[in-house]
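Structural characterization, general
Here are the chains, one letter per residue:
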Amino acid sequence: MTLESISQFLHGLPSAEFFSSAAFWAYFAIVVVALRLLPRRGTVGDLLLLGANVLMLLALPQFNGAALLIYGGLTLVTYGIGLALNEGPLAKRPSSRLPLAILGVVLVLFVLAVFKYRFLQTLVLHDKSILGSGASDFIFLVGISYSSFKAIHFLIESFKGTIKRPRLLDTLNFLLFFPAFVSGPINRFNDFIAHSARANRAPWRDDFSAGAERIIHGLFKKFVITVLLFPYTLIGTKVPLAEMAPWQVLLCLYAYALYFYIDFSGYTDLAIGSARLLGFNLPENFNQPFLKKNLQQLWANWHMSLTGWLTDYVYWPLVRKLRSNEMLRKYPLVISNLAIIVTFFLCGAWHGPTFNFILWGLYHGIGIAAVNVYQKWKRQVRHPGALKYFTSPLSYALGVVLSFNFFALGLLFILDSQQLASVLGQLF
Amino acid sequence: MKMLRALFHENRKLILVTLEVFWIVIFLLDRVSSGGGSGIPQFVYVNF
């Protein structure tokens, strides 16, 4: 029985769109009961979890045996390089470790880029039928944005020595862990291993109430709030934007921003709750981002597992590199702002394969850089009235309103050109 | 009133979850009765 035939058999069953289809919950219930009832200790437990991960992924409508082979290959390469950085002849030679780690990161980025950017895919994959899709269209590899970032984390931490002697089964389960596979949260390897050890022993009841409660919150957001909100958003309204007054268009934009947040935080609730039922804790992604006083705070509390990843693996390494420059060292604010703008440029490129996502990233990077400049200016102000204002509820409320508006306006960048023209035509 | 408030605070989590389950069931029943016509938009981040 090949992977493709298993995949075809699973696709013959009702579609298991993660978290939003009845079939997913039916399969998930079987997986939870099976994993909780069967012995979970040691290698047998890890193999069972791997089996569950593979079957759940193969049941995804956008996934197939070829996609699993690509992920298998990506994991093997990541694991192999991670292991070589830990032990063996290469690990003992400091001059070889850095090039090896860079090679690993470049390879993972290459796979990400091929399945993210149409022009690169056309260039690299002339014959796409080898991937089993049989289509000449763009091949979207579901979960690649998240898995590649997890793989890069694995490689960098193996290089730093914080991941020690990883096991292949752990690495496979980490990269293919189905509750976090499609859209995160982007968890960390050592946390996953600690939770995996705990999951093998944790009593069912400890995780059930917390997991089920989280799943109910997520379902409520997805099946009630977003369903109510969607018809009023820019992308869901049935009324042509050209027939709306500017204030109505603005309300639709606000509804879209709220929809975006509730939809994604609902997804995160479902992922965290599902993982908890299996005995795993996934990191949080949101902490009331739209109630924060400035854009910097908003981003520190929005999609936190991604911003944490970008901070650790892009922002700080860039800051350290820029600090090593004699001339720039005297200007810490310039260093910080340059690093933020580059980080958000990459954040935009990660979010979407088109130029407007890069503009969206730059827009936020420049916005946070402006907040940084403002914060520096604020620290120099000595006027008692101004100091009183900075700590007042009014200042906080104004900050919340401005940050939310800035974020909502940023969503215009990711609309298609026709929608954008209609919105701009009505607003300005 | 005070007693009611205290009762609400004590059982806040349970009340909230019950209400959420109630509305989820209502919306799902509505979806089933309308033949799934209203539709649930796909998760925003799935295509990222």
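The structure we're discussing is the one just above.
First, a word on what this report is: a plain description of the structure on this page.

What counts, and at which threshold
- All residue numbers refer to position in the chain's written sequence, counted from 1.
- Following the order in which they are written, the chains are lettered starting with A and the ligands numbered starting with 1.
- Under the rules for a predicted model, residues below a pLDDT of 70 receive no local features and side-chain atom pairs below 80 are neither given nor counted, while totals for whole chains, interfaces and linings still include all residues.
- Counting from the N terminus, the helices are the DSSP runs of H or I reaching at least four residues and the strands are the DSSP runs of E reaching at least two.
- When we talk radius of gyration, it's over C-alpha atoms, and the globule rule is simply 2.2 Å times the number of residues to the 0.38.
- Any residue whose C-beta has 12 or fewer other C-beta atoms within 10 Å is treated as exposed, any with 20 or more as buried, and any in between as partly exposed, C-beta atoms being built from the backbone.
- Nonpolar cores are identified as sets of buried Ala, Val, Leu, Ile, Met, Phe, Trp, Tyr and Cys residues joined via C-beta atoms within 7 Å.
- For the purpose of contact definition, each residue receives a C-beta atom placed from its backbone, and two residues are in contact when these atoms lie within 7 Å.
- Expected helix span is given by 1.5 Å per residue-to-residue step, counting one fewer step than there are residues.
- What the arc describes is the spread of directions from the helix axis to the C-beta atoms.

We now examine the overall build of chain A. Scanning chain A for helices and strands turns up 18 helices and zero strands. Over its C-alpha trace chain A gives a radius of gyration of 23 Å, about what one expects of a compact globule, namely 22 Å for 428 residues. Expressed along its principal axes, the backbone C-alpha trace of chain A runs to roughly 70 × 55 × 50 Å. Looking at chain A as a whole, 38% of its 428 residues are labelled buried.

Let us look at the nonpolar core. Residue and element names in this part refer to chain A. Counting 74 residues, the largest nonpolar core has Leu57 and Leu176 as its most contacted members. Top contributing element to this core by residue count: helix α11 (residues 246-277), with 16 residues. When near neighbours in sequence (up to four residues on either side) are disregarded, Leu176 contacts Asn53, Val54, Leu57, Tyr71 and Phe181. By size, the runner-up hydrophobic cluster in this structure holds 20 residues, among which are Phe149, Trp299, Leu310 and Cys347.

Residues and elements named next belong to chain A. Looking at the element boundaries, Gln296 is found in helix α12 (residues 295-300). On the neighbour-count criterion, Gln296 (19 C-beta atoms within 10 Å) is partly exposed. Taking the C-alpha atoms as reference, Gln296 lies 27 Å from Gly143; in sequence the two are 153 residues apart. Excluding residues that lie within four positions of it along the chain, Gln296 makes contacts with Ile368 and Val371.

What follows concerns helix α4 (residues 65-86) of chain A. All names here are of chain A. For α4, built from 22 residues, the straight-helix expectation of 32 Å at 1.5 Å per residue is met to within 8% by its first-to-last C-alpha distance of 31 Å. For α4, the complete set of buried residues consists of Ala67, Tyr71, Leu74, Thr75, Thr78, Tyr79, Ile81, Gly82 and Leu85. Mapping the buried residues of α4 onto a view down its axis gives an arc of 170°, with all of them on the same face. On its buried side, α4 packs onto α5 (94-114), α7 (144-160) and α8 (168-176). Just beyond α4, the residue with positive phi is Gly88, at close to 95°.

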